[in-house]
Amino acid sequence: MKTMRMFLMALMAVVLFSAANGPGEGYKVGDYATDFSLRNIDGKKVSLAQYKDAKGFIVVFTCNHCPYAKMYEDRIIELHKTYADKGYPVIAINPNDGDKQPEDSFENMQKRAKEKGFPFPYLHDASQEITTAYGASRTPHVYLLNKDKKGYKVEYIGAIDNNHKDADKADQKYVEDALGQLLAGKKPKTTSTKAIGCTIKWKEA
Amino acid sequence: MKYILCFSFLFLLTFSAALAQEVEVIKYPQLEKLIKEKEKGGKVKVINFWATWCAPCVKELPHFEALQQAHPTSELEVYLISFDDVEKLENRVKPFIKKRNIKSTVKLLDETDYNAFIDKVDPAWSGAIPATLVIAKGKRKFVEGELSEAELDKLIQEFK
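Residues numbered from 1 in each chain as written. Chains lettered and ligands numbered in written order. Predicted model: local features only at pLDDT ≥ 70, side-chain atom pairs only at ≥ 80, totals over all residues. Heavy atoms only, no water.

A. View of unusual backbone geometry. That bond from A:T139 to A:P140 is cis: its omega, -10 degrees, falls within 30 degrees of zero. Tracing the backbone through its elements, the reader meets A:P140 in the loop between β7 (138–139) and β8 (141–148). Between B:I129 and B:P130 the backbone carries a cis peptide bond, its omega angle lying at 5 degrees. With respect to the element layout, B:P130 can be found in the loop between β5 (128–129) and β6 (131–136). (Helix = DSSP H or I, 4+ residues; strand = E, 2+ residues; numbered from the N terminus.)

Set out below in structure tokens:
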């Protein structure tokens, strides 16, 4: 019995250990996403549960240093301006380790948010546990969540649109389209897309 | 005199530019052709996706250069596929290649609709760079993320 228990504990330790190390599978569309409590640039912790009136969230894994993240900053601000009032605010999360990528340190996040006047929280996933749980693999990487009785259901995973260089030339606005469909009480037509982005800068193991 | 100086300067500039390799700008169908094209014998194709602004990509570049230097192109060919924007070709990509004296073949992929082709390159690719695709003898292996010299060597050994 004792050996059995020890074996089980060892097995659990292995499972936990492997889950906590680097990029795993993460969420798929239809899964329920975990809430979190991460430090915002103002020093206060932010969690999804604080947003009592939200219908859902536009969770964006983004950062300071990545050129693609920079090219999408204004579009992320616009998304928040358009959809926060409709019940879907942006929650930006920087998944990168500040030691590995100094430009993405907490202090530099504060600086960048101020320069750009981010109207949404910009959180640091210092332990990278949330990034691992979601399965974010690049910046920028969007997870569109819809609140239902069971929790925060993942409705869309992927890119913001299909032209990183020029928002006006993007003829597919994935996140806007998905939000439009959710607001109309429908399921998003396109539920996952891919885009070129920067790798997550994981802590040294 | 001034004109002559000016002219010789221009001449030198053109001449030195000619020494650095040309960078072909390609679209996805050309990349697809490169990936799918059957090679003679056991030639190994190593296709690395990178950009000048991508720190981990730049860090692993010397390993790919060393790999190419160690093999004749008839046995193994490295293709460095840059995701830099085509607008940066002259003032960023070409100077970068010249400064680092990159000898492997460099092509710039001028595309914006990434979702249209990432899965076609490899379904396992999330879109993050660097990423590397190795193809030989009907076998292929895809790796996302930075490779150390030892990891790249190990990957290549699987194809020999």
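So that's the structure; there's more coming.
B. The arrangement of the nonpolar core in detail. Grouped together as the largest cluster of nonpolar side chains are 83 residues, with contacts concentrated most on A:I58, B:L31, B:F49, B:F83, B:W125 and B:I129. Take this core: its biggest share by element is seven residues, from helix α2 (residues 67–83) of chain A. In contact with B:L31, other than residues within four places in its own chain, are B:I26, B:F49, B:I81, B:L109 and B:V121. With 23 residues, the next largest nonpolar core counts A:A33, A:I93, A:Y134 and A:Y152 among its residues. (Core = buried A, V, L, I, M, F, W, Y, C linked by side-chain atoms within 4.5 Å. Buried < 20%, exposed > 50% of the residue type's maximum accessible area, 1.4 Å probe, protein only. Contact = heavy atoms within 4.5 Å.)

C. Representation of the sheet that holds strand β10 (residues 197–199) of chain A within the structure. Judged by pairing direction, the sheet is mixed, and its three strands sit side by side in the order β7(A)-β10(A)-β5(B) without closing on themselves. The open sheet is flanked by β7 of chain A together with β5 of chain B, the only strands paired with a single partner. With two bridges connecting them, β10(A) and β5(B) associate as parallel partners. Looking at the pairing, A:G197 lines up with B:A128 of β5(B). (Pairing = 2+ DSSP bridges.)

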